[in-house]
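Now for the letters of each chain:
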Amino acid sequence: MLTARHGRLPTHPRSIMLYQTGALALLQTPLLTLALVLAATMSACGRDATTPAASSPPAASTAPPAPVPPPPPPRELTWSGKVDMKLWSPGRVKAYKAARRRDTPQALAILRIPRLELEVPVYDGTTDAVLDLAAGRIEDTALPGTAGNVGIAAHRDGFFRVLKGIKVGDALVLDTPASTEQYQVEWIRITTPDDVSVIDPTPGRAVTLVGCYPFYHAGPAPQRFIVRAVPAAGSH
């Protein structure tokens, strides 16, 4: 119940009306203040910590980073297609001609040894279908064009018969889709068929050629002929 601040409530009708009007004004004043406070609070709730106030200037826009150019497309590998078979065995010549009539896989590289006039595509794997046609990358060795030891095999009575004349220091070129790599023969070794250490991974680039030995042995060859080449001085 409302009571006068100084005793009893007024009893005259006009005095009662004036008293009620003043009391209503007293009630409305804090309500108005509360409404203003709530309005300011609600407008602030509409923004998160990263949203500037309406009166703040907009943040400067950041330019997007420049797009990264795409890598260059791989080069198309080509070779002369000329094969000198005068040192080959008759059986190897026959197998090569039959392989040429089948679909040709995609080459991983072109191997060249200029002094020996050897040029041969390198395909993936060492199956009969691959080695009847060209040279093959030995499984689980590095891919041509990448760091590591690239193992390449071919038949001793076919493409690799010319290796009988190779020497330490001879130049070896491996043409890959990425680049042309220059190598130099570092060492030559004759080892056993179970010596797989020659194709172990290497910390840097290397090419290891593997063929059966002796070159003119009849029947299964008892040994392996190994040639290791490393990047030539001044090459990348």
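For the structure, see preceding data.
Cut-off values and rules
- Residues numbered from 1 in each chain as written.
- Predicted model: local features only at pLDDT ≥ 70, side-chain atom pairs only at ≥ 80, totals over all residues.
- Heavy atoms only, no water.
- Helix = DSSP H or I, 4+ residues; strand = E, 2+ residues; numbered from the N terminus.
- Buried < 20%, exposed > 50% of the residue type's maximum accessible area, 1.4 Å probe, protein only.
- Contact = heavy atoms within 4.5 Å.
- Areas by Shrake-Rupley, 256 points an atom, 1.4 Å probe, with all protein chains shown as cover.
- 1 Å grid on protein atoms, 1.4 Å probe; cavity = no way out; pocket = protein on both sides within 12 Å on 5 of 7 lines; lining within 4 Å.
- Points joined across faces, edges and corners; volume = space filled by probe spheres on them.
- Nonpolar A, V, L, I, M, F, W, Y, C, P; charged D, E, K, R; others polar.
- Phe/Tyr/Trp six-rings, centres within 6.5 Å; stacked < 30°, edge-to-face > 60°.
- Pairing = 2+ DSSP bridges.
- Axes fitted to C-alpha atoms, helices over the stretch in contact; angles between N-to-C directions.

Draft legend 1. Here's a closer look at the overall build of the protein. Of the regular secondary structure elements, the protein holds three helices and eight strands. Counted from the first residue to the last, the protein has its helices and strands arranged as α-α-β-β-α-β-β-β-β-β-β. Counting all 236 residues of the protein, 31% fall into the buried class. Look at the contacts in the protein between residues 6 or more apart in sequence, and 57% of them connect residues 24 or more apart. Accessible surface, the protein: about 15400 Å² in total, of which carbon and sulfur atoms supply 61%.

Draft legend 2. Spotlight on empty space enclosed by the protein. According to the stated counting rule, one finds one cavity of 30 Å³ or more in the structure shown. The calculated volume of the largest cavity comes to roughly 40 Å³. Taken together, W88, R92, L131, D132, A134, A154, H155, G158 and F159 make up the lining of the largest cavity. Residue composition of the lining of the largest cavity, grouped by class: five nonpolar, two polar and two charged.

Draft legend 3. Fine view of the packing of aromatic side chains. What the rule picks out here adds up to six aromatic pairs. Taking 5.5 Å as the distance between ring centres and 85 degrees as the angle between the ring planes, the aromatic pair formed by Y213 and F215 counts as edge-to-face. For Y213, a relative accessible area of 23% gives the class partly exposed. Judged by relative accessible area, F215 falls into the buried class, the value being 8%. The structure contains a cluster of three or more aromatic residues connected by ring pairs, namely W88, Y96 and F159.

Draft legend 4. Up close: the layout of surface pockets. Considering only enclosed or pocket space, the largest pocket measures out at about 420 Å³ in volume. As for the largest pocket, its lining consists of 25 residues, of which A153, V210, G211, C212 and R224 are closest to the centre. At the level of elements, β7 (206-213) and β8 (223-231) are the ones that each hand at least two residues to the lining of the largest pocket. For the lining of the largest pocket, the element with the highest residue contribution is β7, accounting for three residues. A class-by-class count of the residues in the lining of the largest pocket yields 13 nonpolar, six polar and six charged.

Draft legend 5. Highlighting the sheet that holds strand β4 (residues 149-153). Here eight strands make up a closed barrel; going around it, the order is β1-β2-β3-β4-β7-β8-β6-β5 and the pairing mixed. Taken over all neighbouring pairs, the strand axes of this sheet differ in orientation by 30 degrees on average, direction set aside. Where β7 and β8 come together, seven bridges link them in antiparallel fashion. Paired with Y213 across the strands is Q223, a residue of β8.

Draft legend 6. Representation of unusual backbone geometry. For the bond from Y213 to P214, the omega torsion is 0 degrees, close enough to zero to count as cis. Within the element layout of this structure, P214 appears in the loop between β7 and β8. Positive phi is not limited to glycine here, since E117 has a value of about 55 degrees. If you trace the backbone, E117 turns up in the loop between β1 (109-113) and β2 (118-124). Looking at E117, the relative accessible area reads 71%, which means it is exposed. A positive phi angle is found at D140, which is not glycine, with a value near 70 degrees. Among the structural elements, D140 can be located in the loop between β3 (135-137) and β4.

Such coordinate-based values are descriptive only and should not be taken to indicate function.
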